[in-house]
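# Examination of the molecular architecture
Each chain, written out:
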Amino acid sequence: FLPHEPEQQQEMAREMNVSVADIAAKISSLHEFNPMLGHRGCRLSITFPEIYEMQTEAIIEAAANVRKRKIRALPEIMIPLVGTVRELADLKEMIDRVAAEVATRRKLRGGIKYTVGTMIEVPRAALIADRLAVVAEFFSFGTNDLTQLTFGYSRDDSGKFLPLYVDKGILEADPFQTLDQEGTGELVRLGTERGRQTRRELKVGICGEHGGDPATVAFCHELGLDYVSCSPYRVPIARLAAAQAALT
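Residues numbered from 1 in each chain as written. Predicted model: local features only at pLDDT ≥ 70, side-chain atom pairs only at ≥ 80, totals over all residues. Heavy atoms only, no water.

Bringing the packing of helix H10 (residues 184-198) against helix H11 (residues 214-223) into the picture now. Direction vectors running N to C along H10 and H11 enclose 25°, while the axes themselves pass 11 Å from each other. When the axis of H10 is compared with that of H11, the two are roughly parallel. At the point where H10 passes H11, the crossing takes the right-handed sense. Residue-level contacts link Gly185, Val188, Arg189, Thr192 and Arg196 of H10 to Phe219, Glu222 and Leu223 of H11. (Axes fitted to C-alpha atoms, helices over the stretch in contact; angles between N-to-C directions. Helix = DSSP H or I, 4+ residues; strand = E, 2+ residues; numbered from the N terminus. Parallel < 35°, antiparallel > 145°, perpendicular 65-115°, else oblique. Left-handed = near helix turned anticlockwise from the far one by under 90°. Contact = heavy atoms within 4.5 Å.)

As structure tokens, then:
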């Protein structure tokens, strides 16, 4: 989060004990013309590692706090927008280092158990899934972004033409509402198969609004995925669709 209003910039400058000019310069340096394809996800933490270091520390500290209350937690730390093995490997190394530091500082006997995986949102990641699975302990297909990058459609702007595409029969359905099984779905299939060639028990699911679509849930069941994730109001539909897929 970076503040854009002058009052917010002044407040942040006071809290961080830096000048308002420093805050403004940082905002300017991070400006992008197309943020959806830009400096976000794992890319942001490669250039600013302190972001994921802070988040990892918070996750491990939280797990340690609940363990003191006799609650067992197994954090699943997911690295987003990975497109190369090196991105994933470097960030996992950082996560392991920070987790070990927290365990030492908190005197946690045996440390905190956790897993590290990746969200597959970039088509390239699906194609190299066998190599990613050497590092990743689970996959979650981020089907919203994967659809955007497969079709080259902006989810924010495609509403101007997608209804017409559906009306004319160019597309059977809005690919942001129900998963395109021929294209995006094939990447999910391929990524799952290749990932499990390397790690047989690889946990795989999808994350996004597609997880609440009955046709998509049935497709995920066919592929042998472990779970779907969606917004809370779609959970009852997803559960019913999963039950129907299992019975079928």
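Still more to cover.
Taken as a whole, the second largest pocket encloses approximately 270 Å³ of empty space. For the lining of the second largest pocket, the per-class residue count stands at 7 nonpolar, 2 polar and 4 charged. (1 Å grid on protein atoms, 1.4 Å probe; cavity = no way out; pocket = protein on both sides within 12 Å on 5 of 7 lines; lining within 4 Å. Points joined across faces, edges and corners; volume = space filled by probe spheres on them. Nonpolar A, V, L, I, M, F, W, Y, C, P; charged D, E, K, R; others polar.)

Moving on, we get to the sheet that holds strand E2 (residues 115-120). Spatial strand order, E1-E2-E3-E4-E5: 5 strands in an open sheet with parallel pairing. Edge positions in the sheet fall to strand E1 (76-79) and strand E5 (227-229), since each has one partner strand and no second. When strand polarity is set aside, the average angle formed by the axes of neighbouring strands in this sheet is 25°. Bridge analysis of strand E3 (residues 138-142) against strand E4 (residues 203-207) gives 5 bridges, and the strand direction is parallel. (Pairing = 2+ DSSP bridges.)

As a further point, take the pattern of salt bridges. Taken as a whole and assessed by the stated rule, the structure comprises 14 salt bridges. Put simply, Lys203 and Glu76 hold a salt bridge, and the shortest N to O gap is 2.9 Å. A residue pair is termed long-range when its members are at least 10 positions apart, and Lys203 in strand E4 and Glu76 in strand E1 qualify at 127 residues. Overall, the relative accessible area of 43% leaves Glu76 in the partly exposed class. Arg86 is the salt-bridge partner of Asp90, the closest N and O atoms lying 2.8 Å from each other. (Salt bridge = Lys/Arg side-chain N within 4 Å of Asp/Glu carboxyl O. Buried < 20%, exposed > 50% of the residue type's maximum accessible area, 1.4 Å probe, protein only.)

Another point: the packing of helix H8 (residues 143-151) against H10. At a minimum axis separation of 9 Å, H8 and H10 run at an interaxial angle of 115°. Considering how the two elements wind past one another, H8 and H10 form a crossing that is right-handed. In contact with Leu146, Thr147, Thr150 and Phe151 of H8, H10 contributes Thr184, Leu187 and Val188. Of the residues belonging to the contact of H8 with H10, the class tally is 4 nonpolar, 3 polar and no charged.

Bringing the environment of Leu44 into the picture now. Residue position: Leu44 is located in helix H3 (residues 42-47). Sequence-distant contacts of Leu44, that is, excluding residues within four places in its chain, are made with His39 and Ile51.

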